[in-house]
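# Commentary on secondary and tertiary structure
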Amino acid sequence: MRAMDLQTIVKVTGAKILSQKETNFAGIGTDTRAQLQGQLFIALKGEAFDAHNFLDKAVEQGASGLLVHEENALIEKLKDKATILLVPDTLKALQKLGNWARHESSARIVGITGSNGKTTTKEFTAALVGSSMDVHYNKGSFNNHWGVPFTLLQLPPNKDVAIIEMGMNHAGEITELVHIAEPDVVVCTMVGRAHMEFFGTIEKVAEAKEEIYEAAGDQTVRIYNLDNTQTHNMYVKARDKFPKARILTFSSEDPRADVHLMISSMNMSEISIKGSIGGEAGTARVQVFGAQNLTNLMAAASVGLAVGMTPAQVWAGLPACKTNWGRNQLVHLKSGAQMIFDAYNANPDSMKALIDNMKLLTVPGRKVGVFGQMRELGSASANLHEELGTWVGQAGFDKVYFIGDDADAFAKGLSSAGYKNLALIEKDYKDSSGQDLAGFLKTGDIAVVKASRGTKLERFVFPCEPLDFAEKQ
């Protein structure tokens with residue numbers, strides 16, 4: 001975390017000094033469960049917590065400064081133990097500090113959003129660009145109104161590129177994140193049916209995602225996916241709307257795109273791709289599963305071009321791309337079966353992509369589908385889970401599991417598809433369900449596991465005795 005002094009903090013945030021004990025801080029912190037030695041503790045307030053109630057814990061953990069937006073009895077007791085600063089809003093102060101840190105670094109800032117693939121694209125981009133340049137990026141899904149400034153505050157001054165994931169579930173959020181990070185390069189991987197609970201229609205989702213282009217500076221490099229209807233429409237508008245901006249495109253269908261890649265072959269552990277990057281033809285083998293990752297690879301390759309990599313360097317960097325925990329993760333089981341664990345996130349479009357992959361996959365044994373609730377779908381949830389059941393019922397699975405509130409709707413879809421094989425469909429996970437899967441899988445079988453993160457489908461993995469799977473990273 002970037003060190004900072006009292007004078008800078010006051011200047012950036014407009015803070016009022018209530019007490020002055022220390023004038024230099026090793027960084028910032030917001031979690032009283034972590035070591036805060038020498039740090040400035042920012043008391044954030046959320047829907048379910050208020051860190052102003054734990055200021056004494058922060059000092060006990062070593063914090064030498066406290067940034068607050070309200071005064072309480074605790075503050076009076078702590079004035080002789082820590083520097084205390086008062087601001088109108090601690091979250092806004094954190095965001096101002098993040099923007100300050102962004103300008104303290106010479107790194108080119110890359111902003112990435114998308115309904116599907118933004119975290120994977122961020123990871124791919126970090127690996128690909130990192131093969132030629134010094135890269136900083138946020139770990140996990142640190143992509144919201146406090147995660148983005150945190151990532152910027154962790155940015156060392158000597159990095160070449162910083163990759164910032166930007167998530168949202170309401171209109172205006174991406175605009176806010178763009179104003180904090182002020183990216184030099186922006187990309188929306190694709191627009192799909194995520195967050196329908198908050199937007200209602202895919203057109204409204206697209207408007208919110210388009211903020212990453214609309215809020216960016218005139219000369220920000222803009223990258224567009226020509227294969228997705230919504231992002232293609234954004235590209236058509238951009239050609240006239242942003243005359244000063246460099247515009248790059250990627251597509252698996254249009255060979256005129258700056259990055260044009262196709263899958264030549266695919267198996268459980270890798271995809272082989274061919275095509276053209278920046279006008280240079282080539283091939284690469286990448287150790288990831290699933291045709292949907294082609295979009296993420298093309299987006300990462302486009303960012304590589306945008307930040308100054310040569311086409312040859314981008315081709316050479318593609319094999320460095322790998323998926324992380326819960327994202328098309330190949331897991332080997334003690335039984336000799338294999339599992340694709342993709343339960344970090346899910347929406348109807350990502351479900352459909354995974355099911356389509358399973359249709360194409362040839363395996364020596366049986367195919368098993370383990371699915372769970374997709375969240376944030378609002379009033380459309382039952383219909384979309386019925387649709388999911390229909391897709392699953394047509395995909396050729398030998399056995400199907402489903403866990404979630406919309407179990408009845410899923411079962412209805414499964415039945416309407418004429419599915420006649422084994423199925424275990426329940427609203428709540430039971431230990432017996434995991435044991436049932438473990439007892440069913442044999443050598444040569446493949447199971448695919450997918451749901452929204454809150455469904456915790458890793459509970460199906462552990463009874464199967466995975467050989468290379470850890471707790472959530």
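Rules and cut-offs
- Residues numbered from 1 in each chain as written.
- Predicted model: local features only at pLDDT ≥ 70, side-chain atom pairs only at ≥ 80, totals over all residues.
- Heavy atoms only, no water.
- Helix = DSSP H or I, 4+ residues; strand = E, 2+ residues; numbered from the N terminus.
- Expected span 1.5 Å × (residues − 1).
- Buried < 20%, exposed > 50% of the residue type's maximum accessible area, 1.4 Å probe, protein only.
- Contact = heavy atoms within 4.5 Å.
- 1 Å grid on protein atoms, 1.4 Å probe; cavity = no way out; pocket = protein on both sides within 12 Å on 5 of 7 lines; lining within 4 Å.
- Points joined across faces, edges and corners; volume = space filled by probe spheres on them.
- Pairing = 2+ DSSP bridges.
- Axes fitted to C-alpha atoms, helices over the stretch in contact; angles between N-to-C directions.
- Parallel < 35°, antiparallel > 145°, perpendicular 65-115°, else oblique.
- Left-handed = near helix turned anticlockwise from the far one by under 90°.
- Nonpolar A, V, L, I, M, F, W, Y, C, P; charged D, E, K, R; others polar.
- UniProt positions renumbered as here; feature names shortened; annotations may be inferred.

Take helix 5 (residues 118-130) next. The end-to-end C-alpha distance of helix 5, which contains 13 residues, comes to 17 Å, matching closely the 18 Å that a straight helix rising 1.5 Å per residue would cover. Summarising burial for helix 5: 11 of the 13 residues are buried, a large majority. Looking at helix 5, one finds that the buried residues are Lys118, Thr119, Thr120, Thr121, Lys122, Glu123, Phe124, Thr125, Ala126, Leu128 and Val129. If you follow the buried residues of helix 5, they end up packed against strand 8 (108-113), strand 9 (135-137), strand 10 (161-165), helix 9 (202-209), helix 12 (293-306) and helix 13 (311-317).

Below, the discussion takes up the layout of surface pockets. Leftover empty space is mapped by rolling, across the atoms, a probe with the size of a water molecule. Here the second largest pocket defines a volume of roughly 630 Å³. Taken together, 24 residues form the lining of the second largest pocket, with Thr30, Leu44, Gly46, Phe49 and Trp146 sitting closest to its centre. The set of elements that each furnish at least two residues to the lining of the second largest pocket consists of strand 5 (40-42) and helix 4 (90-104).

Read across the open sheet, the 5 strands follow the order 2-7-6-5-4; overall the sheet is mixed. Among the strands making up the open sheet, the edge pair consists of strand 2 (16-19) and strand 4 (28-29).

The strand order across the open sheet formed by 9 strands is 9-10-8-11-12-13-14-15-16, and the pairing between neighbours is mixed. Either end of the sheet is taken by a strand with one partner, and the two such strands are strand 9 and strand 16 (280-286). Sheet twist, expressed as the mean angle between neighbouring strand axes with direction ignored, is 20°. Where strand 15 (residues 271-277) lies against strand 16, 7 bridges are found, and the strand directions are antiparallel. When the bridges of strand 16 are listed, isoleucine 277 appears paired with glutamate 280. Across the sheet, helix 5 is in contact with strand 8, strand 9 and strand 10; its angle to strand 10 comes to roughly 170°.

What follows is about empty space enclosed by the protein. For the coordinates displayed, the defined rule picks out 1 cavity of 30 Å³ or more. For the largest cavity, the calculated volume is near 30 Å³. Asn144, His145, Gly167, Glu173, Glu176 and Leu177 together form the lining of the largest cavity.

Right, let's get into the packing of helix 5 against helix 12. It is the contact of helix 5 with helix 12, at a shortest axis distance of 8 Å, that shows an interaxial angle of 45°. If you check the angle between helix 5 and helix 12, you find them oblique. Crossing angle aside, the handedness with which helix 5 passes helix 12 is right-handed. On helix 12, the residues that touch Thr120, Thr121, Phe124, Thr125, Leu128 and Val129 of helix 5 are Asn293, Asn296, Leu297, Ala299, Ala300, Ala301, Val303 and Gly304. Of the residues contributing to the contact of helix 5 with helix 12, the split by class is 8 nonpolar, 6 polar and no charged.

According to UniProt, the feature "binding site: ATP" (unreviewed entry) maps to Gly114, Ser115, Asn116, Gly117, Lys118, Thr119 and Thr120 in the numbering used here. Setting aside its immediate chain neighbours within four residues, asparagine 116 contacts Thr189, Met190, Asn347, Asp349 and Ser350. Turning to its location among the elements, threonine 120 is positioned in helix 5.

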